[in-house]
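Here is how the chains run, residue by residue.
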Amino acid sequence: AVLAGGFAPRRGLAQSLPSCVVTPQQTEGPFFTDVRLNRSDIRSDPADKSARDGVPLALSLRVSTAGSGGCTPLAGAVVDVWHCDAAGAYSDSDRSTAGKQFLRGHQVTGADGAVRFTTIYPGWYQGRAVHIHFKIRTAAGAGRTAEFTSQVYFDDAFTDQVFARAPYAARGPRSTRNRQDGIYRRDGAQLMLSVGPDGAGYTTTFNVAMQGV
């Protein structure tokens, strides 16, 4: 995690509680906007309430702080999530989506360190594997703010099954699989989601710990 204001960098950790496994931060990318949109269901655009079409995905992130005594749930952290829609488009990223806020939002972790989002399985766009961005911001003491940004990925074979469904199938085969993505190749294997069935869609939980917070 990188401390704001020029302080020394700290590491982010992905883990299965209580054992923590170090994983690197990944690029924020060009499409983050600090909309401060506190909501759990991020499928719709707040302006016109129109929801993006796609296979439902229940995404949970569990945030903890890692120390010599193990991992402790981190309460009060702001967790942003953003990703593209089934057609590969991000909100507020170009002229066609300017001012839109679909598939963006944040939650604040509770006592269990968890946040839960209702979204859709992301689509693909040229040059990138299928992924979801997340950013964690929390107080680090003495008025400082700790920040950790990364991405999570999906198994290619599983994505093939999802993309055989509407509306993804209409786009045809995607151009970039995990191993063809230069960002994924930088330790993306440590950022893989384990996805299970959930009604008509899917559910997944990813654990992240921050060191020195």
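Structure shown above.
Residues numbered from 1 in each chain as written. Predicted model: local features only at pLDDT ≥ 70, side-chain atom pairs only at ≥ 80, totals over all residues. Heavy atoms only, no water.

**Quick word on helix H1 (residues 156-163)**
Here is step 1 of the chain: Listed in full, the buried residues belonging to H1 are Asp 156, Phe 158, Thr 159, Val 162 and Phe 163. Angular distribution of buried residues about the axis of H1 spans 155°; they occupy a single face of the element.
Here is step 2 of the chain: For H1, the elements touching its buried residues are strand S11 (195-198) and strand S12 (201-211).
Here is step 3 of the chain: Sitting at the amino-terminal end of H1 is Asp 155, which places a side-chain oxygen 3.1 Å from the backbone nitrogen of Ala 157. (Buried < 20%, exposed > 50% of the residue type's maximum accessible area, 1.4 Å probe, protein only. Helix = DSSP H or I, 4+ residues; strand = E, 2+ residues; numbered from the N terminus. Arc of directions from axis to C-beta. Contact = heavy atoms within 4.5 Å. Polar contact = N/O pair within 3.5 Å; in protein donor to acceptor, adjacent residues only side chain to side chain.)

**Considerations on the pattern of salt bridges**
Side-chain pairs of opposite charge can arise where the charged atoms are in close proximity.
Here is step 1 of the chain: Applying the stated criterion to the full structure yields 13 salt bridges.
Here is step 2 of the chain: The partner of Arg 43 in a salt bridge is Asp 41, and the shortest N-O contact between them spans 2.8 Å.
Here is step 3 of the chain: A salt bridge links Asp 85 to Arg 52, with the shortest nitrogen-to-oxygen separation between them at 2.9 Å. With a gap of 33 residues between them, Asp 85 in the loop between strand S6 (78-82) and strand S7 (104-108) and Arg 52 in the loop between strand S3 (19-22) and strand S4 (56-67) connect regions that are remote in the sequence.
Here is step 4 of the chain: For Asp 85, a relative accessible area of 5% gives the class buried.
Here is step 5 of the chain: Through salt bridges with shared partners, a single ionic network connects Asp 34, Arg 36, Asp 80 and Arg 137. (Salt bridge = Lys/Arg side-chain N within 4 Å of Asp/Glu carboxyl O.)

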